[in-house]
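What the coordinates show
Single-letter residue listing:
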Amino acid sequence: MKSNLFNWILLILSSLVLLFILAPLTGMFLHTSGPELIETAADKEIQETVWLTLWVSFTATFFSALSAVPLAWLLARKKFPLKKVVQGIIDLPVVLPHSAAGIAVLGFISRDGLLGKVADSVGLSFINNPAGIAMAMAFVSVPFLINSARDGFSAVPERLEKAALTLGASQGRVFFTVSLPLAWRSVMTGFVMMFARGMSEFGAVVIVAYHPMISPVLIYERFSSFGLKYARPASVIFIIVSLAIFILLRMISLKKKEVHISHDAEP
Amino acid sequence: MLSLRNINKKLGNFALTDINIDIPEGEYFVLLGRSGSGKTQLLELIAGLTIPDSGEVWINNRNATFRKIQDRQVGLVFQDYAIFPNMTVSGNIAYPLHCLKLKRKEIHEKVSRIAEDMNITDLLNRFTDNLSGGELQRVALARTLVNHPKILLLDEPMASIDASLKEDIKRILRRLNRNGLTIIHVTHDFREAVSLAHRVGVIHNGSVIQIGTPDLVFSRPANKFVARYAGIRNFFKVKFFPENGRWKAKCENNLVFNISGNNFPGEGLVILRSNDVKISSREPFHRYDNCFNGVITEINPSEYGMEILVDAGEIFYIDLPVSEFKLLQIKESSAVWVTFPDEAAIALPGTG
């Protein structure tokens, strides 16, 4: 009887959380009519911002992954001085207010900043440029990729890597043929999480680049200039596109053969 | 072939200490020790996965202490085989060949040949998740041997397979060794050592205690630890003393053994193999130097037949084949005689 009551309490509390997430989204969908949605989808500005948001976030994630995934492997496998400090630094963007993160990135890429000066010397500017937007997106979202990939690499038994070494593989071959394929699911989850987080970033991006406009900035602009009614269809369009992309990416990443890793042996 | 010289290696709270082992080409060497005794660490050190803090590893008369893992020509089969779950059996076996960048055709030929040799041709296209322990063992061996290592290192190769398959694997290992492969096999089971090894090394707490032929190590164990490994259960704490020109050992319960040898200092242990002690229901016609009467306190079935416990002032463990046990017609509380020759009583002075 007691356990029954406990189950009911659990069910009610869980439902409340789900309701809390679903109610505003459902409300937004219900308040947007079909013709409104079609009209907004046909809007060239909307199309351009959605496309810009997607490709900039994807590019930011892709290029970040080139260095973030090896770093994740290092964190999972190697012991080195100040490792905990490094881990803390990686988590820092998650706890910073995103506007503050934007200010920090702006300082770095503006003409007075380190990277800005280098770019300026070859005639480039990150301000109000997709490259600057990508920087802001990557800054706030890269911890998701690193942490997920690190957990994935940690779950790969070290003895499999050792076995590969004794079979004559170089460290690089071990990484690409054993560690990465076995941690693939977690790496892809991190990739999708970083991509998603980058796409939805507003605070940091709006400080670095109001234009060209990405979807979260456009939604904000429509809301502040025209009100809720005009911001709503743009939001719905963006949510639908985001969901479609996530489902597609998850399907691609999970299509790979599921690999069972045995952890039976003593280390 | 392989020479470990004064190897020391600290691993957290544990350390391999002053390891010296010489293994000639073609030898089957079994390293015997409990889990946590440093067996696996020593194998990893030979394979090059770790570097010793001091000392040297020599392979084929060359100092290999700092040589790359890939250049040592040493194959290591891990305890749980470490088969790559993201590859098929064929992919696993071909892995070291891909590392050598061999041509596809050559790889295919070598994989087919070794698979046939290990009797796993029908498994080649399968993924490894549903393979049995014995099949995984063969795949791991094939993967390691396809590259023709000079030394094969085996970490507890029988630990995860059914008893019925152990003989198959032993046959394969004996054949490989007969064909000239040097094998170093670590295990906690002395029976594996007896059935496979040319020589045995016993390792305890990171130090090698005794090295020798299985016969020597198990009949003349260097200390109580090795004796326990050899399956010896008769341990007697004694004081050694000379009497009428012979050395004797007095147990705590005043039982006195005649022992062979001389000049034993003070105290120590006497150990007896269970099958060196004879038992009879009457005073034996042919009695050895040591003969005591006592009472049977327990009779238990054992892997050798029957285990009889006799209280003759000290408890003696005696192993009998079932046929012999039936002939004796003894039961618990029966009065019996136990007898054993003085050379069967192995004196371990200063231990206990």
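If you're wondering where the values come from, they're calculated on a predicted model, not measured in any experiment.

Focus: the overall build of chain B
- When its secondary structure is counted, chain B shows nine helices and 20 strands.
- Taken along the three principal axes of its C-alpha coordinates, chain B extends 75 × 45 × 35 Å.
- Looking at chain B residue by residue over its 352 residues, the buried ones come to 41%.
- Long-range pairs, those at least 24 residues apart, make up 66% of the contacts in chain B with a sequence separation of at least 6.

Some words on the overall build of chain A
- For chain A, the helix and strand inventory stands at 12 helices and zero strands.
- Projected onto its principal axes, the C-alpha coordinates of chain A cover approximately 70 × 65 × 30 Å.
- Counting across all 267 residues of chain A, residues that qualify as buried make up 36%.
- The contacts of chain A with a sequence gap of at least 6 include a subset with a gap of at least 24, amounting to 78%.

Notes on the confidence of the model for chain B
- Summing up the model confidence of chain B, the mean pLDDT is 88 and the portion of residues at 70 or higher is 99%.
- Taken over the whole predicted complex, pTM reads 0.79, whereas the ipTM for its chain interfaces reads 0.78.

A short note on the pairing of strand E17 (residues 305–311) of chain B
Residues and elements named next belong to chain B.
- Pairing geometry for strand E16 (residues 290–302) and E17, over seven bridges, is antiparallel. Bridge pairing in E17 links Asn300 to Glu307.
- Where E17 meets strand E18 (residues 315–320), six bridges bridge the pair, whose relative direction is antiparallel. Within E18, the residue paired with Asp311 across the bridge is Ile315.
- Where E17 folds back onto E18 in an antiparallel hairpin, the turn is made up of three residues, including Gly313, whose phi is positive at roughly 95 degrees.

With respect to the environment of Asn177 of chain B
All names here are of chain B.
- Note on placement: Asn177 falls in helix H5 (residues 163–178).
- On the basis of neighbour counts, which here come to 19 C-beta atoms within 10 Å, the residue Asn177 falls in the partly exposed class.
- Separated by 152 residues in sequence, Asn177 and Glu25 place their C-alpha atoms 10.0 Å apart.

Topic: the domain arrangement of chain B
All names here are of chain B.
- The domain architecture assigned to chain B consists of domain 1 (2–229) and domain 2 (234–349).
- If you average the C-alpha positions of domain 1 and of domain 2, the two centres end up 39 Å apart.
- Each side of the interface is counted separately: domain 1 has four residues, and domain 2 has five residues.
- Counted by class, the side of domain 1 that touches domain 2 contains one nonpolar, one polar and two charged residues.

A word on the packing of helix H8 (residues 158–166) of chain A against helix H9 (residues 171–199) of chain A
Residue and element names in this part refer to chain A.
- It is at 10 Å that the axes of H8 and H9 come closest, and there the two elements cross at 140 degrees. In terms of orientation, H8 lies oblique with respect to H9. You can see that H8 and H9 cross each other, and the crossing is right-handed. Only Val174, Thr177, Val178 and Ser179 of H9 make contact with H8, whose side of the interface consists of Leu160, Glu161, Ala164 and Leu165.

Observations concerning the sheet that holds strand E20 (residues 346–349) of chain B
Residues and elements named next belong to chain B.
- The strand order across the open sheet built from five strands is E13-E12-E11-E14-E20, with neighbouring strands paired in antiparallel fashion. Each having just a single partner strand, strand E13 (256–258) and E20 make up the two edges of the open sheet. When the angles between neighbouring strand axes are averaged without regard to direction, this sheet yields 40 degrees.

Some thoughts on the sheet that holds strand E3 (residues 28–32) of chain B
Residue and element names in this part refer to chain B.
- Spatially, six strands are ordered E6-E7-E8-E3-E9-E10 in an open sheet, and the strand pairing comes out mixed. Each of the sheet's edge strands pairs with one partner strand only, and the pair in question is strand E6 (74–77) and strand E10 (207–212). Geometrically, the sheet is characterised by an average inter-axis angle of 20 degrees between neighbouring strands, direction not taken into account.
- Bridge count between E3 and strand E9 (residues 199–204): four bridges; the pairing is parallel. By the bridge assignment, Phe29 is partnered in E9 with Arg199.
- Along the sheet face, helix H1 (residues 39–47) touches E3, E6, strand E7 (151–155), strand E8 (182–187) and E9 and points at about 155 degrees away from the line of E7.

Here's the deal with the nonpolar core
- Membership of the largest hydrophobic core comes to 160 residues, with the highest contact counts inside it found for Ala136 and Val205 of chain A together with Ile46, Ala142, Leu153 and Val270 of chain B.
- The dominant element in this core, judged by the number of residues it contributes, is helix H7 (residues 130–155) of chain A, at 14 residues.
- Contact partners of Ala136 of chain A, with chain neighbours within four places excluded, come to Gly102, Val105, Glu201, Ala204, Val205 and Val208 of chain A.

With respect to the environment of Glu109 of chain B
Residue and element names in this part refer to chain B.
- Tracing the backbone through its elements, the reader meets Glu109 in helix H3 (residues 104–117).
- Take Glu109: there are 13 C-beta atoms within 10 Å of it, and that puts it in the partly exposed class.
- Residues Glu109 and Cys99, spaced 10 residues apart in sequence, show a C-alpha to C-alpha distance of 16 Å.

Looking at the interface of chain B and chain A
- Taken together, the 21 residues of chain B in the interface contact 20 residues of chain A.
- Of all elements in the fold, only E6 and helix H2 (89–99) of chain B reach the threshold of two or more residues within the side of chain B that touches chain A.
- Among the elements that take part in the side of chain B that touches chain A, H2 of chain B stands out by supplying three residues, more than any other.
- Class assignment of the residues belonging to the side of chain B that touches chain A gives a composition of 12 nonpolar, six polar and three charged.

Describing the packing of helix H5 (residues 98–109) of chain A against H7 of chain A
Residue and element names in this part refer to chain A.
- As a packed pair, H5 and H7 sit with axes 10 Å apart at the nearest point and diverge in direction by 130 degrees. With respect to each other, H5 and H7 are oriented oblique. The crossing of H5 and H7 is right-handed. Side by side, H5 and H7 meet where His98, Ala101, Gly102, Val105 and Ile109 of the first sit next to Gly132, Met135, Ala136, Phe139 and Val140 of the second.

Focus on unusual backbone geometry
- The step from His211 of chain A to Pro212 of chain A runs through a cis peptide bond, and the omega angle for that step is -15 degrees.
- Within the secondary structure, Pro212 of chain A is located in the loop between helix H10 (203–208) and helix H11 (215–226).
- The backbone of His148 of chain B shows a phi angle near 55 degrees, a positive value even though the residue is not glycine.
- For His148 of chain B, the location among the structural elements is in the loop between helix H4 (133–145) and E7.
- The exposed category is assigned to His148 of chain B, around which 12 C-beta atoms lie within 10 Å.
- The phi dihedral of Asn205 of chain B falls on the positive side, at around 50 degrees, and the residue is not glycine.

Criteria and cut-off values
- Residues numbered from 1 in each chain as written.
- Chains lettered and ligands numbered in written order.
- Predicted model: local features only at pLDDT ≥ 70, side-chain atom pairs only at ≥ 80, totals over all residues.
- Helix = DSSP H or I, 4+ residues; strand = E, 2+ residues; numbered from the N terminus.
- Buried ≥ 20, exposed ≤ 12 C-beta atoms within 10 Å, placed from the backbone.
- Contact = placed C-beta atoms within 7 Å.
- pLDDT = per-residue confidence, 0-100.
- Pairing = 2+ DSSP bridges.
- Domains from an automatic or database assignment.
- Nonpolar A, V, L, I, M, F, W, Y, C, P; charged D, E, K, R; others polar.
- Axes fitted to C-alpha atoms, helices over the stretch in contact; angles between N-to-C directions.
- Parallel < 35°, antiparallel > 145°, perpendicular 65-115°, else oblique.
- Left-handed = near helix turned anticlockwise from the far one by under 90°.
- Core = buried A, V, L, I, M, F, W, Y, C linked by C-beta atoms within 7 Å.

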